[in-house]
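Coordinates in review
Each chain is listed here by its residues.
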Amino acid sequence: MTVRINDILDEVSAYIPDADKRIIEKTYVFSARVHQGQTRLSGEPYLNHPLEVAYIITQMHLDVAAIAAALLHDTIEDSLTSLEDIKQEFGDEISLLVGGLTKISRIHFQSTEEEQAENFRKMLLAMSKDLRIFLIKLADRLHNMRTLQYHKRQSQIRIARETLDIYAPLANRLGIHWLQIELEELSLAYLEPEAYKTLKTELDAKAKEKEGYLKEIIAKIQTELDKEHVNADVKWRIKHVYSVYQKLKKQGIAFEGVHDVLGIRIIVNNMEDCYRVLGIIHSMWKPIQSRIKDFIAMPKENMYQSLHTTVFGPLGQRIEIQIRTKKMDYIANEGIASHWRYKEGAKISEHDGEKLSWLRQLLEWQQELKDPREFLQSVKIDLFPDEVYVFTPKGDVLRFPAGATPLDFAYSVHTELGHQCTGAKINGQIVPLRYRLKSGDVVEIMRSSKQHPGKDWLRIAKTTRAKTKIRSWLRTQEREQSIALGKEIYEKKLKSLHIKHDVDDLLAEFSFKKAEDLFAAIGFGRISINQVIHRVVPEQKTVARTRAPQKKVDSSGITVKGVEGLLVRFAKCCRPIPGDVVEGFITRGRGITVHRRDCPYVADIDPQRLVPVEWETDVSESHEIEFSVLCKDKPGMLGSITAIIGGQDINITKLKANSLPNGSSICNFRVMVKNLSELENLFDKVRRLSGVEKIERLLAS
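Every value quoted in this text rests on a predicted model; they were computed, and no experiment measured them. (Residues numbered from 1 in each chain as written. Predicted model: local features only at pLDDT ≥ 70, side-chain atom pairs only at ≥ 80, totals over all residues. Heavy atoms only, no water.)

Right, let's get into the overall build of the chain. Within the chain, the secondary structure is distributed over 27 helices and 21 strands. Taking all 701 residues of the chain together, 50% fall into the buried category. Residue pairs at least 24 apart in sequence account for 67% of intrachain contacts in the chain once pairs closer than 6 positions are excluded. Accessible surface computed for the chain: about 35100 Å², of which carbon and sulfur atoms make up 49%. (Helix = DSSP H or I, 4+ residues; strand = E, 2+ residues; numbered from the N terminus. Buried < 20%, exposed > 50% of the residue type's maximum accessible area, 1.4 Å probe, protein only. Contact = heavy atoms within 4.5 Å. Areas by Shrake-Rupley, 256 points an atom, 1.4 Å probe, with all protein chains shown as cover.)

A separate point is the confidence of the model for the chain. In this model, the chain carries an average pLDDT of 81, and 82% of its residues clear a pLDDT of 70 or more. At the low end of the mean pLDDT range in the chain sits helix H16 (residues 350-353), at 45; at the high end sits helix H3 (residues 48-59), at 94. Segment residues 340-355: pLDDT under 50, and 29 contacts once partners within four positions in sequence are set aside and those in other chains are kept. (pLDDT = per-residue confidence, 0-100.)

Ordered in space as E10-E9-E11, the three strands form an open sheet in which the pairing is antiparallel. With one partner strand each, in any of the chains shown, strand E10 (429-431) and strand E11 (443-447) form the two edges of the open sheet. Put simply, the sheet's adjacent strands are angled 35 degrees from each other on average, direction ignored. (Pairing = 2+ DSSP bridges. Axes fitted to C-alpha atoms, helices over the stretch in contact; angles between N-to-C directions.)

Residues other than glycine seldom take positive phi values, yet His61 does so here, at roughly 60 degrees. Checked against the element boundaries, His61 lands in the loop between H3 and helix H4 (64-72). The backbone of His498 shows a phi angle near 55 degrees, a positive value even though the residue is not glycine. Looking at the element boundaries, His498 is found in the loop between helix H22 (464-496) and helix H23 (515-524). For His498, a relative accessible area of 72% gives the class exposed.

So, about the sheet that holds strand E18 (residues 623-632). Pairing between sheet strands relies on hydrogen bonds along the backbone, with the strands arranged either parallel or antiparallel. If you trace the four strands from one edge of the open sheet to the other, you get E19-E20-E18-E21, paired in antiparallel fashion. Edge positions in the sheet fall to strand E19 (651-659) and strand E21 (692-697), since each of these pairs with one other strand and no more. On average, each strand axis in the sheet is inclined to that of its neighbour by 15 degrees, with strand direction left out of account. Two strands pair when backbone bridges link them, and E18 and E21 are joined in this way by five bridges, in the antiparallel orientation. Residue Cys631 lies in a different strand from E21, and its bridge partner there is Val692. Against the sheet, helix H26 (residues 637-647) contacts E18, E19, strand E20 (664-673) and E21, and its axis sits at roughly 15 degrees relative to E20. Running at roughly 165 degrees to E21, helix H27 (residues 676-687) makes contact with E18, E20 and E21 of the sheet.

Okay, helix H1 (residues 5-15) next. Looking only at H1, the buried set comprises Ile5, Ile8, Leu9, Val12 and Tyr15. When H1 is viewed along its axis, its buried side chains cluster within an angular range of 135 degrees and face the same direction. Counted as exposed and oriented over 90 degrees from the buried face of H1: Asp10 and Ala14. Buried-residue contacts for H1 involve helix H2 (21-34), H3 and H4. (Arc of directions from axis to C-beta.)

With that settled, the discussion passes to the packing of aromatic side chains. Under the criterion given, the structure shown has nine aromatic pairs. Note on Phe30 and Phe90: the rings are 5.4 Å apart at their centroids and 85 degrees apart in plane angle, and the pair reads as edge-to-face. You can see Phe30 sitting in helix H2 and its partner Phe90 sitting in helix H5 (residues 83-90), a full 60 residues away along the chain. Grouping aromatic residues by their ring pairs yields a cluster made of Phe627, Phe669 and Phe683. For Lys210, the ring lying beneath its charged end belongs to Tyr213, and the centroid distance is 5.7 Å. (Phe/Tyr/Trp six-rings, centres within 6.5 Å; stacked < 30°, edge-to-face > 60°. Lys NZ or Arg CZ within 6 Å of the ring centre and 35° of its normal.)

Between helix H19 (residues 406-413) and H22, the least distance of the axes is 8 Å, while the angle of their chain directions is 80 degrees. The angle between H19 and H22 places the two elements in the roughly perpendicular class. Seen from H19, the contacting residues are Leu407, Asp408, Tyr411 and Ser412; seen from H22, they are Arg465, Ala466, Lys469 and Ile470. (Parallel < 35°, antiparallel > 145°, perpendicular 65-115°, else oblique.)

Counting buried residues along strand E14 (residues 582-587), six of its six residues qualify, which places the element largely inside the surrounding structure. Side-chain alternation along E14 places Val582, Gly584 and Ile586 on one buried face and Glu583, Phe585 and Thr587 on a second face that is also buried. Alignment of E14 against strand E16 (residues 610-611), held across two bridges, turns out to be antiparallel. The residue bridging Gly584 from the neighbouring strand is Val611, located in E16.

All right, on to the side chain of His49 then. Along the chain, His49 falls in helix H3. For His49, the contacting residues outside a window of four places in its chain are Arg40, His73, Asp74, Asp140, His143 and Asn144.

Quick look at the packing of H2 against H4 now. Relative to each other, H2 and H4 sit at 5 degrees, their axes nearing to 9 Å. The angle between H2 and H4 places the two elements in the roughly parallel class. On the side of H2, the interface is formed by Ile23, Ile24, Thr27, Tyr28, Phe30 and Ser31, while H4 contributes Val64, Ile67, Ala68, Leu71 and Leu72.

This structure, assessed with the given rule, holds 25 salt bridges. Across the pair Asp63 and Arg132 runs a salt bridge, and its minimum N-O distance is 2.7 Å. Residue Asp63 is located in the loop between H3 and H4, and its partner Arg132 is located in helix H8 (residues 131-146); the two are separated by 69 residues in the primary sequence. For Asp63, a relative accessible area of 7% gives the class buried. Each of Asp63, Glu93 and Arg132 takes part in a single network of salt bridges with overlapping partners. (Salt bridge = Lys/Arg side-chain N within 4 Å of Asp/Glu carboxyl O.)

Ranked by size, the top nonpolar core spans 98 residues in total, and within it Leu138, Ile221, Ile264 and Ile266 carry the most contacts. With near-sequence residues (within four places) excluded, Ile264 lies in contact with Leu214, Ile217, Ile218, Ile221, Val234, Lys235, Trp236, Ile319, Glu320, Ile321 and Gln322. Ranked by size, the runner-up nonpolar core spans 32 residues in total, among them Val503, Ile529, Ile586 and Trp615. (Core = buried A, V, L, I, M, F, W, Y, C linked by side-chain atoms within 4.5 Å.)

Written out as structure tokens, the structure is:
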């Protein structure tokens, strides 16, 4: 059914009886004139799109200004209309919303990581100025997804992926459940069409199969509630395709292994009845203790409130039951948008805005994150917050993403407490920094003035705040080490060339105020020592002085561009060998450490400390690496593998084999190889052995 302007006016009148409908009518006429003659890919008039978006905005129960902006949201992009025209015609508030929407519409996420990071920042900033801007953008994206069938396949995949990665998680963060679900379902239908169809068919069949069983359960619940004089609406629901898809993918199970596909929701009049109903349900069926969750006492950051419990129902089948009030149910579906209804059309107050503190915190923390990989990773963490709720010793509740540790807790309280954290007492028991917090834990931080952050803390910490504070401390410390290292490099180079020079004379050349800044730049690898030396003496003299025969000190097989005479060592975590794509970075007082580029540790390295390195062409030294072979547990299997290794003239330095319960065996080898080509040749021969299931190179244990 095509939306008409009267449909929008009727909807808004239902929740804002005294709405100034003249503004909506005026923006409709303006939009119709601007878009006259324009069509969409479907062939329908372009005006249908802003009408559909405005209608979705009325379903969110937003105010008149938001509806007007929805009708005008494409006028600047698709016509000669200017923002000044909008401002003169409709005033500051509407022009502010339209201007913000125009900026967001120019953001594209299918680009380099640097551009993605910057574009995401822009969108978050637009949200922070007026949340209605992003709510209208969500409505715009929803209608575009509903009409995605008219796009080419490549565009469908791009738009669906962007929707699933960016817009659906933000809808979830804002608590707009119905919109999040539809965006996820539509995205999956285009990204994985076969999986979507199969799962939808299975879910529909399951719903049909269990409908009678659930109606029987609902009747029993209704009878018990009537006995206790509790007025409630009891209904059943089916899990959405995307949530089931995610569960199957995450747990690696078949559809039959999902036990919470169907559930029951009980809507009551007040909070007291929520807890009364929970007690009634638990008196009827045995609850699963680990599945009882109180999101009323501890609401989620997107304002979601409800009681959750899972019980063993008739025939021993698990039943998930949610209990909430009518207002909680509305907020669970509408999220932040629900405030316009409960405030009768008013804007979000400062008090209500506190519920969006995660957005402000996200913006604050990102200001310190310059590397795009860091930024995008932290955004991902903040947008997918499977949460745990823990208590301070005083009983205050703190919320963290799943996987958070005592370090995250300590840094959430105070930066210095985080820096000095040595461990924690959880429920009175001492635990290490790596302990993963669980809902209900009472956390007391242990500290020592002698403690300080280490790089391994970046792997332990989960939250953006903790990681940012740790990186800040490390950078401060590393600057001191870089100054010392840079000074050593500088002095060694001058000594090798028999040159004496006052470093202060070089500061202006590189726009530095202090010698420490120049040394730090050399130590960080921002400036090569050759750049500095070429400012000291003419290039031809430098060449002449370095032509004298010199004994080669470093036999690592690695060339560090721009810096000579430094100690080079190989990272023990990833054990690089000639042929691997490698990265080098300056370590504190220890020269250059070389990693494989795909080593997970590289992601935690400060990009400013990276230096270009490459393998020399005449490397003959052997390097130690480790790999595993998954194979059938049968006689002679291990002997066959070792025979192949020996036949390649490769030395085994360590061997460990373990049998597995499924009839397979896992064999770990540590060997000496000359280069990647030799290793790949070995792997190819081992794979051809009958009984070998998988072979892979390992990080160091």
